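# Fold and contact review
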Amino acid sequence: MITFENVSKRYLTKQALTDVSISIPTGKIIGLVGSNGSGKSTFMKMIAGLVSPSKGNVMIDQELTSRRTANKVAYLSELDAYYSFFSVKETIHFFATQFQDFDIEKAHEIIDFMEVDINQKVKHLSKGNRGRLKIALTLAREVPIILMDEPLSGLDPMVRDSIVKGLLSFIDLEKQTVIITTHEVTEIEPLLEMVIAIRNGKVLALEDVETIRERDRMRIVDWLKKLYLEEA
Amino acid sequence: MTNWSGLLRKEFRVTRTLLLGVITFDLLVMIGFYLGSAKWEVPYLTAIIGGVLTGLHVFFLPLYLLISLNTEGRNLHLWLHNPQSGARLLGAKILNGLLALLISMGIVSGLALLAYNLETSVFEFPIENVWLFGFYFLTVIVAGSLYMGTWLTFYWTLYQVLKTYIGRWAVLFVLILIGFMSWLSSWFDGTSISKGLSDWGYVQLPSPLNMEVSQREFDLTVSTFPFPIGNVVFDFITLVLIFLLTCWLLDRKVEV
Amino acid sequence: MGEEFNPSKPIYLQLVDRISWEIIKGERKTGEKLPSVREMAIQSGVNPNTVSRTYNELERMEIVETKRGQGTFVTEQKEKLIQLREQLKINHIQNFIEEMKQMGFSSEDMIDGIRTYVTNEKENQS
């Protein structure tokens, strides 16, 4: 289980997170939603141990996160995540050497499923195929926590569709927890079991998506707007 | 061990083009001067150029590491989102850099030695034992390169830490720190503490230089010079500490 | 991508409705095996846990049966399906009547309307 205890993060010119306390349940696909600059990426990087809190603790199973938390977390950055001189195949093999939990057959299976040419150089891949490769590298790990920062952004509907299908085909919610940030919330709404709403570095709510539908009779986007209005 | 060899292979690929470029440059310079020296008739020209080029290799590792680290710096999360220790991440780079250094330096110094032996001029070089001279020279170059490379890695990592908090000012801060540290170390060298720490353990090492004039009457076949082992031990310990500090910064303080 | 869902109703209930509907229309036969949770999740682009919840609900309604290690099957008890069909009929009528009431029609208006509509349709067909 992922726990934030009174976590704040200050940079020189801005406060990225303010006194965040939250426990994130396991075995679910959870959406992290909020406007640009609300602290979503910082939140994700803290779980991955790539950013450390100015105050408070971020823990996974009672253990403080650090860079080497990478053995429990697969973090998909919104930025590029591969060495351009590698081919797809070499990239997969490199990842397999670095992560003990990396299932190389599964990676090949996902790459096949997404119809990416395994012998192409990464730098020659289209944007859509680079997005697919990133997903494959993340989902091929048998890792308890998967973090995906904007996995769909800037990709056309076909690619987004194959990514969503890939996600559903290759995660195992009995063993894995997935946290996704995205601007296309409505598109992946049926995928999400819970959402965390975040605004100006503060976590506003952690809620069951079905509850939002049943109680508030709203889409996540509208629910988020309502929360933002209440907060403002 | 697979993750270590995976890292090494990746590092090799990161700088493969660079290494090929350097080797090409080495060959062009050496062969070019060799061909030219036939016309210019300067004694030992190719060997001397080779020696200078070998000497320049003292800057090889720091430059190599700077290029390699900056490649990672563009995609820091890719490099750092990895369960391997910082010592491994950095160690793989340093080891690869050393290997590249040895390859390039081996080519240049080998060709220089070859040119030296092919020399036809009557003028004699004041070196008695070329092999020993070469060995000392190369050891000093490699050690110096490793020393500078390790410090560069430290400053680069420190820059990455500071960048998160003070942005572009980090460059200025690190440059000032480098200046301050070099002042500090030259001041420290003059102190008695420094003498106590590093000026000990003298051994006599065989000298490769031709000293027959001064030592003829003592009938010495091998001349020697005194060398303080303490110096090496002190520098080595400093380097290890700096490396460990860098690893700690990388593992705990660098943010993406 | 998965089909559209009504934002004001839990997805698991919408899936329950959809599967019930498919069974009543005969698209899913009695005794037929339903897709596994994962397959269904992929087909409909829905969270696997939501699909599990759907299957649990269908099982509670006794429309499907889970056989250990084999999967989930549409029930072979015909009377359950007849019940389901009746239930769906009542639900639809309820919705219809509620909306008509909101528009201000009386029960007589509705019955008249339905009778006229059905008569017209028969004439058109013949």
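Here, the structure is the one placed above.
Residues numbered from 1 in each chain as written. Chains lettered and ligands numbered in written order. Predicted model: local features only at pLDDT ≥ 70, side-chain atom pairs only at ≥ 80, totals over all residues. Heavy atoms only, no water.

## Quick look at the overall build of chain A
- When helices and strands are tallied, chain A shows 8 helices and 10 strands.
- Relative to the 2.2 N^0.38 estimate, which gives 17 Å for 232 residues, the radius of gyration of chain A is 18 Å and therefore close to what a compact globule would have.
- When the backbone C-alpha atoms are referred to their principal axes, chain A occupies close to 50 × 35 × 35 Å.
- Taking all 232 residues of chain A together, the buried fraction comes to 61%.
- The long-range share in chain A, meaning contacts at least 24 apart out of those at least 6 apart in sequence, stands at 68%.
- Carbon and sulfur atoms form 47% of the exposed surface of chain A, whose accessible area is close to 9400 Å². (Helix = DSSP H or I, 4+ residues; strand = E, 2+ residues; numbered from the N terminus. Rg over C-alpha atoms; globule rule 2.2 N^0.38 Å. Buried < 20%, exposed > 50% of the residue type's maximum accessible area, 1.4 Å probe, protein only. Contact = heavy atoms within 4.5 Å. Areas by Shrake-Rupley, 256 points an atom, 1.4 Å probe, with all protein chains shown as cover.)

## Structural notes on the packing of helix H7 (residues 130–166) of chain B against helix H8 (residues 169–190) of chain B
Residue and element names in this part refer to chain B.
- Look at H7 against H8: their axes get within 8 Å of each other, and the N-to-C directions meet at 140°. The two elements H7 and H8 meet at a crossing, and its hand is right-handed. Contacts between H7 and H8 involve Trp151, Tyr155, Leu158, Tyr159, Leu162, Lys163 and Ile166 from the former and Trp169, Ala170, Val171, Phe173, Val174, Leu177, Ile178 and Met181 from the latter.
- Split by residue class, the contact of H7 with H8 holds 14 nonpolar, no polar and 1 charged. (Axes fitted to C-alpha atoms, helices over the stretch in contact; angles between N-to-C directions. Left-handed = near helix turned anticlockwise from the far one by under 90°. Nonpolar A, V, L, I, M, F, W, Y, C, P; charged D, E, K, R; others polar.)

## Some thoughts on the pattern of salt bridges
Residues and elements named next belong to chain A.
- Under the criterion given, the structure shown has 25 salt bridges over all chains.
- The partner of Glu63 in a salt bridge is Lys72, with the nearest N and O atoms 3.7 Å apart.
- Taking relative accessible area as the criterion, Glu63 reaches 48% and is therefore assigned partly exposed.
- Here Asp172 makes a salt bridge to Lys175, at a shortest N to O gap of 3.6 Å. (Salt bridge = Lys/Arg side-chain N within 4 Å of Asp/Glu carboxyl O.)

## Regarding the side chain of Ser68(B)
All names here are of chain B.
- Among the structural elements, Ser68 can be located in helix H4 (residues 60–73).
- Judged by relative accessible area, Ser68 falls into the buried class, the value being 0%.
- Those residues in contact with Ser68, other than ones at most four positions away along the chain, are Glu11, Val14, Thr15 and Lys93.

## Thoughts on the interface of chain A and chain B
- Counting residues at the interface gives 33 residues for chain A, matched by 29 residues for chain B.
- Together, Arg67(A), Tyr83(A) and Gln98(A) form the three largest contributors to the area buried by chain A at its contact with chain B, with a combined 27%.
- Joining chain A to chain B, the criterion identifies 3 salt bridges.
- Of the charged contacts in the structure, one is a salt bridge between Glu90(A) and Arg13(B), with a shortest N-O distance of 3.0 Å.
- Counting the contacts that link chain A with chain B gives 19 residue pairs in polar contact (both at pLDDT 80 or more). (Buried area = accessible area lost by both parts, 1.4 Å probe. Polar contact = N/O pair within 3.5 Å; in protein donor to acceptor, adjacent residues only side chain to side chain.)

## Observations concerning the interface of chain A and chain C
- Between chain A and chain C, the residue contacts involve 24 residues of the former and 21 residues of the latter.
- Both faces combined, the contact of chain A with chain C buries some 1900 Å², and carbon together with sulfur accounts for 52% of it.
- Contact with chain C buries surface across chain A, with Leu168(A), Glu210(A) and Arg213(A) losing the most and accounting together for 33% of the total.
- There are 0 salt bridges connecting chain A and chain C.
- Inspection of the chain A/chain C interface yields 11 residue pairs in polar contact (both at pLDDT 80 or more).
- For the side of chain A that touches chain C, the secondary structure elements donating two or more residues are helix H5 (157–170) and helix H7 (209–216) of chain A.
- Ranked by residue count, the leading element in the side of chain A that touches chain C is H5(A), at 7 residues.
- Per-class residue counts for the side of chain A that touches chain C are 10 nonpolar, 2 polar and 12 charged.

## A few points about the sheet that holds strand E10 (residues 202–208) of chain A
Residue and element names in this part refer to chain A.
- Strand order in this open sheet of 6 strands is E6-E7-E8-E3-E9-E10, and the pairing throughout is mixed. Bordering the open sheet on either side are strand E6 (73–76) and E10, each of which pairs with just one other strand. The mean angle between the axes of side-by-side strands here comes to 15°, regardless of whether they run parallel or antiparallel. (Pairing = 2+ DSSP bridges.)

## Quick word on a negative patch on the surface
- Taken together, the side chains of Glu105(A), Glu109(A), Asp112(A) and Glu115(A) define an acidic patch exposed on the protein surface.
- By secondary structure assignment, the location of Glu105(A) is in helix H3 (residues 104–113). (Patch = residues over 30% accessible without salt bridge, like charges linked within 9 Å, V, L, I, M, F, W, Y side chains within 5 Å. Lys, Arg positive; Asp, Glu negative; His and termini not counted. Charge placed at Lys NZ, Arg CZ, Asp CG, Glu CD.)

## Thoughts on the side chain of Ser38(A)
Residue and element names in this part refer to chain A.
- Examined against the element boundaries, Ser38 turns out to sit in the loop between strand E3 (29–33) and helix H1 (40–47).
- The exposure class assigned to Ser38 is buried, which follows from its relative accessible area of 1%.
- Polar side-chain contacts of Ser38 include one of 2.6 Å to the backbone oxygen of Ser35.
- In this view, Ser38 contacts Ala16, Ile198, Arg199, Asn200, Gly201 and Tyr228; residues no more than four positions away in its chain are not counted.

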